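Spelled out from the first residue to the last, the chains are:
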Amino acid sequence: MSCAKNFTYISFIYLLLVSAAFSAGSLSIENAWSPEAPPVAKVMAGYLKIKNNSNNDIKIQSASSNLFNRVEIHLTEMTNGMMRMIKQENLNIKANGHIELKPGGLHMMLIGRKQPVKKGSIIPVTLTLDNGEKTTINLMVKDEPQTEQHQHHHH
Amino acid sequence: MQSEKKAASKNFILLAAIGLISLAAGLWISQQVLINSNDTQVPQNLDATVLPNARPLVGFNLIDQNGSQFSPAQLKGQWSFLFFGFTNCPDICPTTLKVMQSVWKTLPTKMGEQGHPRLYFVSVDPDRDKPETLKSYVQYFNPEFIGVTGKLNELDKLTNQIGILYGYDEKEDDKDLEYIVNHSAQLILVDPKGRMRAVISPPHIAKTIASNFQTIRVFYGD
């Protein structure tokens, strides 16, 4: 009887660990890029497509980058003819769904650039998910969005 | 007998002269009427919103990226695009300026040629955007673009006439230099008489803006 119980507990813990390991790896990132900005600009944007390949909703709770003072996620919205940027406290990606950050819509706002960032370089951004997992994405700095390129992140 | 003939020919010459002058004057007047009759019409089927009654822009006193005056006088003599924003804008401003850079690439004219427009990027964030910052910022997109800013009350004189709105998100504290500015993202087209003639609303597409501009230019004249 106790063997069965132990087995159950161990299985349960194993499943928890396995599911935790899979959450961050369940996100796949496509077309992560940042438009090169004028050298004098201290703020840059980050755009990307994020797919959630798991059966659970995943929330991005925060983001950071060692190249910037802080990273926020904003939604550009037009209200009464005025473009407003609305800070998003978190970004929910539905199970088996995806979201797209692109010009004129959702975007990462990279605030307080610490050093020059030129075309061809990479801006690493670490995303913290609601289950505590972290995943780092690489924004490619360029003039125009690239064509489809898949990057899978497994942790 | 001879004197009568001379008088007759003198009269004839006089009448002919008057006739020619009248003809010339008549042609000139009708030309003027033709050109000006389009002024309150609008070209059809454009994405841009064209105002049948072009609105004179008056009474503002701002400063450009070189420290020179930017006032109604600078809007006269050529077509001008106006776009309002700020340099700490990550999304809309760089995207729009890149679109306008594409528009510039397809223009049939060069700087200094008749019909060649200007683009003024007006910063509604004078606290952070000093003329030198603006110059560096706009010239990244195109060396022809001109940055403008000024005191808030003068900016308001311009934005109010056009109908452009802007506002600041709450600053964290007095030292906060990372606040966000919300602003209207329409491109405004001003005619060579310094009058607001068209409004181009987002999303901004280079091809559309370029062709709309040529149509408007031809319709109203340079």
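Residues numbered from 1 in each chain as written. Chains lettered and ligands numbered in written order. Predicted model: local features only at pLDDT ≥ 70, side-chain atom pairs only at ≥ 80, totals over all residues. Heavy atoms only, no water.

Caption draft 1: Fine view of the pattern of salt bridges. One pass over the structure, following the stated rule, counts 10 salt bridges over all chains. In this structure, the salt-bridge partner of Glu72 of chain A is Lys87 of chain A, at a minimum N-O distance of 3.6 Å. Highlighted residues: Glu72 of chain A in strand 4 (residues 68-79) and Lys87 of chain A in strand 5 (residues 82-88), separated in sequence by 15 residues. Where Asp222 of chain B meets Arg217 of chain B, a salt bridge forms, and the shortest distance between an N and an O atom there is 2.8 Å. By relative accessible area, which is 35% here, Asp222 of chain B ends up partly exposed. Several salt bridges share partner residues, and in doing so they unite Asp39, Asp191, Arg195 and Arg197 of chain B into one network. (Salt bridge = Lys/Arg side-chain N within 4 Å of Asp/Glu carboxyl O. Helix = DSSP H or I, 4+ residues; strand = E, 2+ residues; numbered from the N terminus. Buried < 20%, exposed > 50% of the residue type's maximum accessible area, 1.4 Å probe, protein only.)

Caption draft 2: How the structure looks around the layout of surface pockets. The space that makes up the second largest pocket amounts to roughly 260 Å³. Looking at the lining of the second largest pocket residue by residue, the classes come out as eight nonpolar, six polar and four charged. (1 Å grid on protein atoms, 1.4 Å probe; cavity = no way out; pocket = protein on both sides within 12 Å on 5 of 7 lines; lining within 4 Å. Points joined across faces, edges and corners; volume = space filled by probe spheres on them. Nonpolar A, V, L, I, M, F, W, Y, C, P; charged D, E, K, R; others polar.)

Caption draft 3: Here's a closer look at the packing of aromatic side chains. All names here are of chain B. Per the counting criterion, the structure on display carries 14 aromatic pairs over all chains. Judged by centre distance (6.1 Å) and plane angle (85°), the rings of Trp79 and Phe213 are edge-to-face. With a gap of 134 residues between them, Trp79 in the loop between strand 3 (69-70) and strand 4 (80-85) and Phe213 in helix 5 (residues 206-220) connect regions that are remote in the sequence. The pair formed by Trp79 and Phe213 is uniform in burial state, with each residue classed as buried. Put simply, the rings of Trp79, Phe81, Trp104, Phe145 and Phe213 touch in pairs and so form one group of aromatic residues. (Phe/Tyr/Trp six-rings, centres within 6.5 Å; stacked < 30°, edge-to-face > 60°.)

Caption draft 4: Representation of the pairing of strand 10 (residues 195-200) of chain B. Residues and elements named next belong to chain B. With six of six residues buried, strand 10 is to be regarded as a mostly interior element. One ladder, built from four bridges, connects strand 1 (residues 49-56) with strand 10; its direction is antiparallel. Residue pairing across strands places Arg55 opposite Met196, the latter belonging to strand 10. As paired strands, strand 9 (residues 187-190) and strand 10 are joined by four bridges and run antiparallel to one another. Directly across from Val190, in strand 10, lies its bridge partner Met196. Hairpin connection between strand 9 and strand 10: a loop of four residues separates the two successive antiparallel strands, and Gly194 in this loop has a positive phi of roughly 75°. (Pairing = 2+ DSSP bridges.)

Caption draft 5: Representation of unusual backbone geometry. Of note, the amide linkage connecting Pro202 of chain B to Pro203 of chain B takes the cis form, showing an omega dihedral of 5°. As for its placement among the helices and strands, Pro203 of chain B is situated in the loop between strand 10 and helix 5. For Asn31 of chain A, which is not glycine, the phi dihedral falls at a positive 50°. Residue placement: Asn31 of chain A occurs in strand 1 (residues 27-35). On the basis of relative accessible area, Asn31 of chain A is assigned to the buried category, the value being 16%.

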